[in-house]
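Each chain, written out:
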Amino acid sequence: MRPSRSTFVSLVLSAIVALTSDARAQSCCAGGGAITPARLAPHELALVGLQTKSSLVYGDFDAHGSWGGAAPGSSELDLEQNLFAAARLLKRLQLSLLAPLVETRRTTRSTGADFGGGVGDINASARLDFTMAGQARFVPGIALLAGLTLPTGRPPDAATNTLATDATGIGAFQGNFGLAVEQTFGPWLVNLSGLVALRTARSVGPVNEVLGAQFTALGAVGYSFRNDAAIAFVVSYTGEGDATINGQAASGSSRRSLVLSVASVLPITDTWRVQGSLFAHPPLEPFGRNQATAVGLTLGVIKAWN
């Protein structure tokens, strides 16, 4: 049984949603997504996969939203390898697990190069489809997304390297909740998703901190070709409120981030596929705050069982 053409576009969109939730520690640490880079097609029972991600930081926004390029002699390269699996428990319910390895290389003119890494924050997630895209003309596909990220990575305050390159997580539990709406129009698929992330409090010495609530809006348009390959163009915007320090709002600590992405998936056989993406944080000042800007790519391979 072959999947519908729109199925492969949906798989591309799933990979992009996972890219839109950045950890506070650094621009990698993708364990905070509401879903993993894998999404089961309707005919699939389980899958395993491996995805690599690399991104190059070229500047950042300050607390006032002003953008500046990387300082002369400084650089940052973020790498990540994600091992993930998914299984279908019910016809429309799937669960997944993602375990990341994170590495960072930073360079400054005064300290030179520093490299470090380790295990990142592990993410467990679920997707429940109430309706499916394309099954009814006027009723779109509607899915509930939920996830829990565990603080298995090393938070920035526990880093020991000179430039904190061995920080791999945010140091707090993170719960994610979201809703996805999508519909097909022939070979085209349109997706709108909203995600909310809440983090638990954490203490470092006498300081108690709670990160602000994080909201992500995502819009995507995908096209499926006759050979079942697919491509998708995605725009996502994430906003995060001010953190709370010892019960008081920390003014100027909120974050904003815009991500533009193009992704594709290519089925090799009925049970093997590869998928990849290119993404960028554009230096547009109205859309950024307290956030690094980076360009990067992902590439993954997936084995599925029907």
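Everything below is about the structure printed above this text.
Residues numbered from 1 in each chain as written. Predicted model: local features only at pLDDT ≥ 70, side-chain atom pairs only at ≥ 80, totals over all residues. Heavy atoms only, no water.

### Here's the deal with the pattern of salt bridges
- Here the structure, examined in full by the defined rule, presents eight salt bridges.
- Residue arginine 202 is joined to aspartate 157 by a salt bridge in which the shortest nitrogen-to-oxygen separation is 2.6 Å. Highlighted residues: arginine 202 in strand 10 (residues 202–204) and aspartate 157 in the loop between strand 7 (141–149) and strand 8 (174–185), separated in sequence by 45 residues.
- Using a relative accessible area of 42% as the deciding quantity, one classes aspartate 157 as partly exposed.
- For glutamate 240, the salt bridge identified is with arginine 255, shortest N-O distance 3.3 Å. Residue glutamate 240 is found in strand 13 (residues 230–240), and its partner arginine 255 is found in strand 16 (residues 255–267); the two are separated by 15 residues along the sequence. Of the two residues, glutamate 240 and arginine 255, neither departs from the other in class, the shared state being buried.
- Salt bridges sharing common partners tie together Arg39, Arg127, Asp129 and Glu182. (Salt bridge = Lys/Arg side-chain N within 4 Å of Asp/Glu carboxyl O. Helix = DSSP H or I, 4+ residues; strand = E, 2+ residues; numbered from the N terminus. Buried < 20%, exposed > 50% of the residue type's maximum accessible area, 1.4 Å probe, protein only.)

### Digging into the pairing of strand 17 (residues 272–280)
- Both strand 16 and strand 17 contribute to a ladder of eight bridges, which runs antiparallel. Note on strand 17: the bridge partner recorded for serine 264 is glycine 276.
- Count of turn residues in the strand 16/strand 17 antiparallel hairpin: four residues.
- Bridge count between strand 17 and strand 18 (residues 292–305): nine bridges; the pairing is antiparallel. Note on strand 18: the bridge partner recorded for alanine 280 is valine 295. (Pairing = 2+ DSSP bridges.)

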